[in-house]
Amino acid sequence: MEDRQELVEKHGDHWLRALTDVRVFELQLAEMHKAGSSVLGAVHLGIGQEAVAVGVAGQLIPGDQITVSHRGHGPMLARGLDPERMYAEILGRVSGYCGGKGGSMHIACPAEGVAGANGIVGGGIPMALGIAKAAKELGTGNVGVPIFGDGAANTGAFAETLNLAAVWEAPVVFVCENNGYGQFTPTDAVTGGPGIFTRGEGFGVPGVEVDGEDVVAVHVEMAAALERARAGEGPTLLECRTTRWHGHHEGDERYAGEYRPAPSREGDPIKRLAAEMDELGLEGGAKAEAAEADSRKRLEAAMEAALAAPEPAPETAMTGVYV
Amino acid sequence: MEDRQELVEKHGDHWLRALTDVRVFELQLAEMHKAGSSVLGAVHLGIGQEAVAVGVAGQLIPGDQITVSHRGHGPMLARGLDPERMYAEILGRVSGYCGGKGGSMHIACPAEGVAGANGIVGGGIPMALGIAKAAKELGTGNVGVPIFGDGAANTGAFAETLNLAAVWEAPVVFVCENNGYGQFTPTDAVTGGPGIFTRGEGFGVPGVEVDGEDVVAVHVEMAAALERARAGEGPTLLECRTTRWHGHHEGDERYAGEYRPAPSREGDPIKRLAAEMDELGLEGGAKAEAAEADSRKRLEAAMEAALAAPEPAPETAMTGVYV
Amino acid sequence: MSSANQTAVSPANRLAPAIRDAIAQQMRGDDRVLFWGEDIRTGVMSTSQGLVDEFGPERVIDTPISEGAFLGAALGAAANGLRPIVEIMYSSFFYVAFDQLVNQIGRARYMTDGQVTAPLTVIAATGASGFAAQHSDASYPMLMNAGGLRIVFPSTPHQAFWLTRAALRSDDPVIVLNQPALAGAKGEIRDEPMELGDVEVTTHGEDVSVYAIGLMAVRARKVAKRLAEEGIGVEVVDVCSLSPFPVEAIVASVRRTGRAVVVDEARLACSAASEISATIAEAAFDALEAPIERVAVPNVFIPYAPPLEAHVIPQEADIEAAIRKVLA
Amino acid sequence: MSSANQTAVSPANRLAPAIRDAIAQQMRGDDRVLFWGEDIRTGVMSTSQGLVDEFGPERVIDTPISEGAFLGAALGAAANGLRPIVEIMYSSFFYVAFDQLVNQIGRARYMTDGQVTAPLTVIAATGASGFAAQHSDASYPMLMNAGGLRIVFPSTPHQAFWLTRAALRSDDPVIVLNQPALAGAKGEIRDEPMELGDVEVTTHGEDVSVYAIGLMAVRARKVAKRLAEEGIGVEVVDVCSLSPFPVEAIVASVRRTGRAVVVDEARLACSAASEISATIAEAAFDALEAPIERVAVPNVFIPYAPPLEAHVIPQEADIEAAIRKVLA
Ligand SMILES: Cc1ncc(C[n+]2csc(CCOP(=O)(O)OP(=O)(O)O)c2C)c(N)n1
Ligand SMILES: Cc1ncc(C[n+]2csc(CCOP(=O)(O)OP(=O)(O)O)c2C)c(N)n1
Ligand SMILES: [Mg+2]
Ligand SMILES: [Mg+2]
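Remember, it's a predicted structure, so these values are computed and weren't measured experimentally. (Residues numbered from 1 in each chain as written. Chains lettered and ligands numbered in written order. Predicted model: local features only at pLDDT ≥ 70, side-chain atom pairs only at ≥ 80, totals over all residues. Heavy atoms only, no water.)

Chemist: Sorry if this is basic, but what is going on with the site of ligand 2 here?
Modeler: Taken together, 21 residues sit near ligand 2, with His70(B), Arg71(B), Gly119(B), Tyr181(B) and Glu67(D) positioned nearest. Site remark: ligand 2 is flanked by residues from chains B and D. One of the side-chain N or O atoms of His70(B) is found 2.6 Å from an oxygen atom in ligand 2. Within the side chain of Asp150(B), one N or O atom sits 2.9 Å away from an oxygen atom of ligand 2. Burial of ligand 2 by the protein chains amounts to 98% of its free accessible area of 570 Å². For the shell around ligand 2, the per-class residue count stands at 8 nonpolar, 9 polar and 4 charged. (Near = heavy atom within 4 Å. Polar contact = N/O pair within 3.5 Å; in protein donor to acceptor, adjacent residues only side chain to side chain. Areas by Shrake-Rupley, 256 points an atom, 1.4 Å probe, with all protein chains shown as cover. Nonpolar A, V, L, I, M, F, W, Y, C, P; charged D, E, K, R; others polar.)

See below:
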């Protein structure tokens, strides 16, 4: 494994742009919501969690598939989906990835490596195992990567899938984004044990805890897990500790004293990477600014195009159940 | 904790009788099945697993409740249910615990500490947590004890309940009877990880592995877990390693070479206890023989009485859904 | 502690607050009532809002996202001296806990020949609210078929208050459904108690019976009002109790009018609408003067984009068209 | 590897072996077909017996008792190049995996606007077989209401072979139900392919249409035969395809006879029987000469003791009584 400095030198510029794209993509939705947009439904944003998206989904190869939760824009973007078609889906437009049938919680594009998002917490985890099983049987060398929240770690679907993945020695990397909350409930208040990453061990899935606000660390641990998976050595569970800056969904930022304090934004993954690059003389701060300007420009255009697209024809609701 | 010898001196006679009662209760069903009885439906016998039943359920106090699986006769008997009414339920008689509505897989008597059996693998585990929650809220000092197989350790219900029990610090003792098989599938072929007892740790439930063919060991570990639970220190997971001598259900003993060899009966918990008592000069062998004769007599009478009871009136099928 | 028998009518005049008030009254009167579910301290669903302030986190308990475990736990707790209330945010989430709900809670009593009594109430939102296919099912037909559960689905604050109150006082497991779109629906709570199993004829008319559930009942009433101006007498039977299925009350209205339209936000196949229609075709055939029209969601899923969602969910125009059809 | 297009008819003349043969033929012709489920190497359910001997444990795979995980995995695998077959021992066990079955598998295609194609088949036994309430549900009405799944339920070896074969060749998720009590039912497999969606008029008659499913169809045929001797013409419509719901085929028969009885082993409320009845009451009302009688399991659970079980499950006498009633 390359050392940290080498990685930053090699990938820093790209990561900065990718992190910024995710951030700006979501900021635009947040701003739109704040402005009282009447065309925007509920959106669950992962602002603050970008390093998981980029560190995990940014290094997948063609044929790998992720399944994501209700809070999945970041990993989808990092996997390479088109922001315009994502916005269009979020806005219920005909040009969206699912023709407006899915919305923010159900964006999918299997052809580009996003097998599906989910409205059901934990619901997409078993599917990712099946993806890995197919990859193994067909010898493609690909992996299935379920990305889910800390809340999903308390679902039966998660535990059952851990076990079956271990039994099948399937090329799965389980990625838990522990952002400290499930909706409005602090993770610690409803989650037993010394850490979600330890939950795999009893099922035969080794676990790793990683600073999920450090894109380098996430990248490194994900790379190791991918190597294991592709080498036929079985599944790994990665717990990425991160922070959800916004409310559960936009417009819903309720905090409650000690039980649920407003989150700190100290760990900002973009600022951290930029600072590290600065220290290495790689001009992180300047590049971050440039990246933001560039993202803004592209994503504003994407948003505009999405808004300009028509709504789907009502009759299209009647088709598409069966082949 | 008393040492082993003291325990055997104190409880040996009782354990021998209790183990034998469970054994003979089930042997009579096996014999009945072998004789081609037309009145006996499918029965899942725990012959060979008696030490778990007696070591676990034999030391519960009034108000404690167990939930059991489809293979639950042993724990029910050890908990104190009436063999005649159990036989009657198994035979679909009106005098059965459930008036013939339940059958072998659904015998229950909450008033005597058996909250329910289950036809669904893992299905009774959450209920036991609720029993514990009620005990805790009402301050009764009682516990909820779900007893389930190794197969149930792969269900989502198990994992979810482990976590919630830890979060609630509920007085639950999870008892897994690992008898090496789930139906016809070897446990090892479908179970990841270093042992089911380790599965609790990631959820905050400490685990213990115990020789489930040694009634003394089971008693000791169960006693420790009960003490923890009653002291408000939360749940424990006990994995009891044992052996299912018979097929999954009577008449269905299929073995398959290396994949599924016929089980060894080496660990017979009755013989082991008797031998240990013999070594201590407690006349285990003789007492075991006497116990068997006594059990036979009582249980033959129970069976006869059950067989003599009428079938339920068909119309009774129509009542009892709502209060 | 105030008496459990007080009959104070709720001051709320909106639907979700009426449910919450019924809960609060019951919790005040009975320490054995605990309320658990996801994010109920925050009151994500308006049916739990503010309860933690009065009753504290020992009785208003945030759970992990483990619907199976905490529903199953409610069975054990209810059978052992507590009277738990469980919130499941959306009735689509029943599916992750379906075995516990239908195969454990719903039949523990029957299987044990009455030995288990499980006084528990499940509160859940049901129906579409812009969250697309996986959140939006009107899942009660499956629960009606599963059996063993009492189910009510109020469409007015009055029904909401009294049926929730009755649910909480029942010794059976009861599911109280509520429609997000009606959470703020206004209406007076009259001092006329309702019981589990009651349906309510909310509009009287002589020409056609319209059986409708939840938001569909609200829409049916609007249509009835409009058609009344045309001289068409529409009787709206608000089927606010779904299980056990209220056969007599269903049959009574169509016997008077001779024509029936059934409106349901569930998918058509094996829906509550189908049950109502089949019941009429069996028990009131001689009174029927026209085919029984069902207006329900076609056998697709609830799509996200608003024009798509509106297309598959019965609208007032659909109800009106069906009425005119059976009157033609 | 033999051709996937061969049309060899199965030599089996019993129901469960006919399903197994259809599976074996498909596995022979297509390496992408894997079969997984609990204890299928042993062939606990006769639909998998012996397959491991031919195809080995890499393709006939014993799973842990984790129905949710392995059903959900089938979705991912099917969408990525495999064609998995999954056995769920009893359809009552769908409940532990209900979200995966109805909210994931059933709607992945719709939600993604057709991007996901999931060619997977689920094999499950359904109906009572002496195992009491938690094993015995005829759970297809819930799945019909859930939508998105094709469902077939053969009652003869002929139907079993052809419908299973069609299921395995379909690119949609299909559920093939089979009745333990009919596993050994005998019958010839004719060289007349059936397709998903087909129903079969197995007995012709002019006086009354009896719609029946699974074992109930077998019972209905016996009754029809007996009544034929009395000169009563009973047309038995074996509703062996349940979803998507075969409206036209249902309506056609009653249009000829004018009278209908519907027999279902599901609980009555929101049953397939109710759907059939409601469909007729809506679309063939003008042809109806009598009320539509439903014969189904009352809204209780399947009890254990044989006389109790027999009391709640429709028997030939119940079917006959209903026929005589609509003919009276
Ligand atoms: C089975 C299920 N239960 C409840 C919900 C409602 N819900 C949506 S998101 C959420 C919290 C999820 O928390 P987590 O998994 O930590 O993801 P995060 O929102 O923090 O990204 C809840 C409870 C749901 N969608 N599915
Ligand atoms: C949810 C569910 N899946 C499958 C079954 C069928 N089944 C009954 S017992 C059994 C094996 C259970 O194994 P284990 O938990 O180890 O208990 P044991 O029989 O060994 O005591 C299976 C698969 C079931 N009853 N419930
Ligand atoms: Mg979270
Ligand atoms: Mg076992």
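Chemist: Whenever I open this one, the packing of aromatic side chains confuses me. Can you help?
Modeler: Between two aromatic rings, the relevant description is the distance of the centres plus the angle of the planes. Per the stated rule, a full pass over the model turns up 24 aromatic pairs over all chains. In this structure an aromatic cluster arises from ring pairing among Tyr95(C), Phe98(C), Tyr95(D) and Phe98(D). Sitting over the ring of Phe184(B), Arg254(B) keeps its end group 4.9 Å from the ring centre. Directly above the aromatic system of Tyr322(A) lies the positively charged group of Arg150(D), at a separation of 4.3 Å from the ring centroid. (Phe/Tyr/Trp six-rings, centres within 6.5 Å; stacked < 30°, edge-to-face > 60°. Lys NZ or Arg CZ within 6 Å of the ring centre and 35° of its normal.)

Chemist: Honestly, the interface of chain C and chain D in this entry has me stumped. Any pointers?
Modeler: Quite often, the size of an interface is put as the accessible area lost when its parts meet. Each partner contributes to the interface: chain C provides 47 residues, whereas chain D provides 47 residues. Buried surface at the junction of chain C and chain D, summed over both partners, amounts to about 4,300 Å²; 58% is from carbon and sulfur atoms. Along the contact surface separating chain C from chain D lie 6 salt bridges. Close ionic contact of Arg107(C) with Asp137(D) constitutes a salt bridge, the shortest N to O distance being 3.0 Å. Our count for the chain C to chain D interface comes out at 29 residue pairs in polar contact (both at pLDDT 80 or more). For the side of chain C that touches chain D, the secondary-structure elements that each account for two or more residues are α4 (98-105), α5 (108-111), α6 (140-146), β11 (260-267), α10 (272-283) and β12 (293-297) of chain C. It is α10(C) that contributes the most residues to the side of chain C that touches chain D, 8 residues altogether. Taken together, the residues of the side of chain C that touches chain D break down into 26 nonpolar, 12 polar and 9 charged. (Contact = heavy atoms within 4.5 Å. Buried area = accessible area lost by both parts, 1.4 Å probe. Salt bridge = Lys/Arg side-chain N within 4 Å of Asp/Glu carboxyl O. Helix = DSSP H or I, 4+ residues; strand = E, 2+ residues; numbered from the N terminus.)

Chemist: Just to check I follow, could you spell out the pattern of salt bridges for this structure?
Modeler: As enumerated under the stated definition, the model contains 73 salt bridges over all chains in all. We note a salt bridge from Asp252(A) to Arg254(A), for which the minimum N-O separation is 2.6 Å. Asp252(A) sits in the buried class, given a relative accessible area of 11%. Across the salt bridge formed by Arg32(D) and Asp30(D), the nearest N and O atoms sit 2.6 Å from each other. You can call Arg32(D) partly exposed: its relative accessible area is 38%. A single salt-bridge network, built from bridges that share partners, covers Arg4(A), Asp211(A), Asp214(A), Arg272(A) and Glu276(A). (Buried < 20%, exposed > 50% of the residue type's maximum accessible area, 1.4 Å probe, protein only.)

Chemist: I'm lost on the site of ligand 1 in this one. Help?
Modeler: Taken together, 21 residues surround ligand 1, and among them His70(A), Arg71(A), Gly119(A), Tyr181(A) and Glu67(C) come closest. Those chains with residues close to ligand 1 are chains A and C. Contact distances for ligand 1 include 2.6 Å between an oxygen atom and a side-chain N or O atom of Arg71(A). Summarising the interface, the protein chains cover 98% of the accessible area of ligand 1, which totals 570 Å² for the free molecule.

Chemist: How should the coordination of the magnesium ion (ligand 3) be read in this particular structure?
Modeler: Ideal coordination angles are 109.5 degrees for a metal with four donors arranged tetrahedrally and 90 or 180 degrees for a metal with six donors arranged octahedrally. Residues and elements named next belong to chain A. Those protein atoms acting as donors to the magnesium ion (ligand 3) are Asp150 (OD), Asn179 (OD1) and Tyr181 (O), and they sit at 2.0 to 2.1 Å. All donors of the magnesium ion (ligand 3) belong to a single chain; written as a sequence motif, their spacing is D-x28-N-x1-Y. Comparing Asn179 with Tyr181 shows no difference in burial state: the two are buried. (Donors = N, O, S within 2.8 Å, 3.2 Å for Na, K, Ca; no water.)

Chemist: Can you help me understand the relation of the copies chain B and chain A in this one?
Modeler: Think of it as a corkscrew move, a rotation about one axis and a shift along it, taking one chain copy to the other. When chain B is fitted to chain A, the best match, at an RMSD of 0.0 Å, comes from turning it 180° and sliding it 0.0 Å along the axis. Here the symmetry operator amounts to a two-fold rotation axis. Closest approach to the rotation axis within chain B is made by the C-alpha atom of Gly156(B), at a distance of 1.7 Å. Residue by residue, 100% of the interface of chain B is reproduced at the interface of chain A, so both copies engage with the same surface. (Least-squares fit on C-alpha atoms with pLDDT ≥ 70 in both.)

Chemist: Even after reading the chapter, I still don't get the relation of the copies chain C and chain D, so can you show me in this structure?
Modeler: Each copy superposes on the other: chain C lies on chain D with an RMSD of 0.0 Å after a rotation of 180° and an axial shift of 0.0 Å. Interface overlap between copies: 100% of the residues of chain C at the interface are likewise at the interface in chain D, consistent with a symmetric, same-surface contact.

Chemist: Explain the pairing of strand β3 (residues 85-90) of chain C here, please?
Modeler: A regular strand places its side chains so that they alternate between the two faces of the sheet. All names here are of chain C. With 6 of 6 residues buried, β3 is to be regarded as a mostly interior element. Sheet analysis places strand β1 (residues 35-37) next to β3, joined by 3 bridges and oriented parallel. Among the inter-strand pairings, Gly37 is bridged to a residue of β3, identified as Glu87. Here 5 bridges tie β3 to strand β4 (residues 121-125), and the two strands are oriented parallel to one another. Within β4, the position partnered with Glu87 by the bridge is Ile123. (Pairing = 2+ DSSP bridges.)

Chemist: Explain the environment of Lys101(A) here, please?
Modeler: Along the chain, the position of Lys101(A) falls in the loop between α4 (83-90) and β2 (114-116). The spacing of Lys101(A) and Gly12(A) is 89 residues in sequence and 37 Å in space, taken between C-alpha atoms. With residues near it in sequence (within four places) discarded, Lys101(A) still touches Glu89(A), Thr316(A), Ala317(A), Thr319(A), Gly320(A), Ala132(C), Pro303(C), Tyr304(C), Leu308(C), Tyr110(D), Met111(D) and Asp113(D).

Chemist: Sorry, what's going on with helix α1 (residues 15-29) of chain D here?
Modeler: Residues lying three or four places apart along an α-helix face the same way, a consequence of the helix completing one turn every 3.6 residues. An ideal rise of 1.5 Å per residue puts 21 Å on 15 residues; α1(D) measures up with 22 Å between its terminal C-alpha atoms. Most of α1(D) is tucked away, with 13 of its 15 residues classed as buried. (Expected span 1.5 Å × (residues − 1).)

Chemist: Got a minute to help me understand unusual backbone geometry in this structure?
Modeler: With the exception of glycine, most residues fall at negative phi, and the peptide bonds are largely trans. The omega torsion of the bond from Ser243(C) to Pro244(C) falls at -5°, within 30 degrees of zero and hence cis. Here Pro244(C) shows up in the loop between β10 (241-243) and α9 (247-257). Residue Cys270(C) is not a glycine yet carries a positive backbone phi of 55°. Judged by relative accessible area, which is 0%, Cys270(C) ranks as buried. A positive phi angle, close to 60°, is found at Asp39(D), a residue other than glycine. For Asp39(D), the location among the structural elements is in the loop between β1 (35-37) and α2 (51-55).

Chemist: For this particular structure, what's the right way to read the confidence of the model for chain C?
Modeler: Detailed conclusions should not be drawn from predicted coordinates in areas where pLDDT is low. Here chain C averages 96 in pLDDT, and 98% of its residues register 70 or above. Among the prediction metrics, the complex's ipTM stands at 0.98, with pTM recorded as 0.98. (pLDDT = per-residue confidence, 0-100.)

Chemist: It is not clear to me how the packing of helix α1 (residues 4-34) of chain B against helix α2 (residues 50-57) of chain B should be interpreted in this structure. Could you clarify?
Modeler: The relative placement of two packed helices comes down to the angle between their axes together with the axis-to-axis distance. Residue and element names in this part refer to chain B. It is the contact of α1 with α2, at a shortest axis distance of 9 Å, that shows an interaxial angle of 130°. As summarised for this structure, α1 and α2 are arranged oblique, according to the angle between their axes. Classified by chirality, the crossing of α2 by α1 is right-handed. Where α1 approaches α2, its residues Trp15, Ala18, Leu19, Val22 and Arg23 are matched on the opposing element by Glu50, Ala51 and Val54. When its residues are assigned to classes, the contact of α1 with α2 shows 6 nonpolar, no polar and 2 charged. (Axes fitted to C-alpha atoms, helices over the stretch in contact; angles between N-to-C directions. Parallel < 35°, antiparallel > 145°, perpendicular 65-115°, else oblique. Left-handed = near helix turned anticlockwise from the far one by under 90°.)

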